[in-house]
Every structure is written in structure tokens, then in C-alpha cells.
Amino acid sequence: HGFDWQFGLWKIHMRRLMHALTSQAAWTDLDGTVNVMKLWNGRANVAEIDVAGKTGSLEIAALRLYLPKSHQWTLAFANSGEGQLSAPMYGTFSGGHGAFYDQEIINGVTVWDRFEFFDAGPNGATDKEAVSQNGGKTWVQTFYNVHTREVASKPGA
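Since this is a predicted model, take the numbers as computed values, not measurements.

Thresholds applied
- Residue positions are counted from 1 within each chain, in the order its sequence is given.
- Owing to the predicted nature of the model, reporting of local features is limited to residues with pLDDT of at least 70; listing and counting of side-chain atom pairs is limited to 80 or more, with chain, interface and lining totals taken over all residues.
- Hydrogen atoms and water are omitted, and side-chain values are computed over all heavy atoms in the structure.
- Nonpolar cores are built from buried Ala, Val, Leu, Ile, Met, Phe, Trp, Tyr and Cys residues. Side-chain atoms within 4.5 Å join them into one set.
- The buried label goes to any residue with under 20% of its type's maximum accessible area, the exposed label to any with over 50%, and the partly exposed label to all in between, with areas taken from a 1.4 Å probe on protein chains only.
- Any two residues having at least one pair of non-hydrogen atoms within 4.5 Å are treated as being in contact.
- Of the two site types, the cavity is a set of points on a 1 Å grid over the protein atoms alone where a 1.4 Å probe fits but cannot get out, and the pocket is an open set with protein on both sides within 12 Å along at least five of seven lines, each lined by residues with an atom within 4 Å of a point.
- Grid points are joined across faces, edges and corners, and a volume is the space filled by probe spheres set on the points.
- In DSSP terms, a helix is any run of H or I states spanning at least four residues, a strand is any run of E spanning at least two, and both are numbered starting from the N terminus.
- Amino acids outside the nonpolar list (Ala, Val, Leu, Ile, Met, Phe, Trp, Tyr, Cys, Pro) and the charged list (Asp, Glu, Lys, Arg) are all regarded as polar, and Gly is one of them.
- Any two strands with at least two DSSP bridges between them are considered paired.

Caption draft 1: Here's a closer look at the nonpolar core. Ranked by internal contacts, the top residues of the largest apolar core, which has 23 residues, are Met14, Val34, Val51, Leu75, Phe100 and Phe117. Dropping the residues within four chain positions of it, Val51 is found in contact with Ile12, Met14, Leu30, Asp31, Gly32, Gly56, Ser57 and Leu58.

Structure (C-alpha cells):
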């Protein structure tokens, strides 16, 4: 039930680092909504993210699946521009904090990717994503998101 707090509709303010790990990196702000829908009685869910800003818009789908044998969750993302599901990130929730990791390639460089959820409350939450080129010794933040509840999901939904 790690994601139960997130079911429903949220406003989101997203800060995104464009062109991470290059000399062209710059932050951009986007605003929009996140709609999180429960599947399989909470053992899976889909988050539909729709944001826009000066640099354009993003449509992202996040699929989260619970792995009962390991008590972990997987996170996988797809955006409408590519239409392909990413390799899953693996992680867990503890004390209102969720941390998920994987390895991926950015600009030809293999990096660790970390996605974290914080302050998961009934009316607000934050999450952020960061990458590391040195095995987790230092991290470069690539996303910072602030969520404000719009509509909670209906009981049993």
C-alpha cells in the first residue's frame, strides 16, 4: 500500500533540468496535473502526468507494480513523445519516504538514477529525481516536483 496516499487528482509544479549532464543544462518550470488511478486493489497503479511550460509540454505515464515476494515496488515511465516504457526502477517505502533506483544511459554515459517520494500526506507531497555518474557518491538533481491535492479518490476506487 505504499502509494495509497497518492490516489486521486493532484496539481503539480515541476522543475526539470533540461539536457542533464551537459554544458547546456538549464532548469525549466512546468505546471499541470497528476491523476493516480488504483489497479489490483492497490497492488498496482498508473499515474497520468500532464504538464506544460515555456519549453513545451510533457505527457508522462508512470506504471507502479508491487512485487509481493520481495516487498518492493517497480516504477516504469513512458512519455507520449517516445511511446516506450522505460526499464523499471526498484524500491520500497519506509516512514513516508520512498526510494527507487536503476541504471540508465544518458548521453552515452551509464548513470545511477534515483527517484524519491517525500512528505507523502493527504494534501501535499514532493518527489525528486537525480542521477549519479560515480556510483552514488554525488547526485545531480534532474526533477523536483511539488504536489497539491485536488480531488481524493473515492473509497474502494
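Caption draft 2: The layout of surface pockets, seen in detail. When its volume is computed, the largest pocket comes out at roughly 1,000 Å³. What lines the largest pocket is a set of 41 residues, and nearest its centre among them are Phe77, Asn79, Glu104, Glu129 and Phe143. Of all the elements in the fold, those that place two or more residues in the lining of the largest pocket are strand E1 (8–18), strand E3 (44–53), strand E4 (56–67), strand E5 (72–79), strand E7 (97–106), strand E8 (109–118), strand E9 (124–132) and strand E10 (140–152). Considering only residue class, the lining of the largest pocket consists of 23 nonpolar, ten polar and eight charged.

Caption draft 3: Geometry of the pairing of strand E6 (residues 89–94). When E5 meets E6, the two strands line up antiparallel, connected through three bridges. In the sheet register, Trp73 faces E6, and the bridge partner there is Gly91. By the bridge criterion, five bridges tie E6 to E7 in an arrangement that is antiparallel. Considered in E7, the bridge of Ser94 is made with His97. What sits between the antiparallel neighbours E6 and E7 is a turn of two residues, in which Gly95 has the positive phi angle 55 degrees.

Caption draft 4: Spatial organisation of the environment of Asp50. Tracing the chain through its elements places Asp50 in strand E3. Looking at Asp50, the relative accessible area reads 39%, which means it is partly exposed. Residues Asp50 and Asn79, 29 residues apart in the sequence, show an inter-C-alpha distance of 9.9 Å. Beyond its immediate stretch of four places on either side in the chain, Asp50 contacts Asp31, Gly32, Thr33, Leu58 and Glu59.

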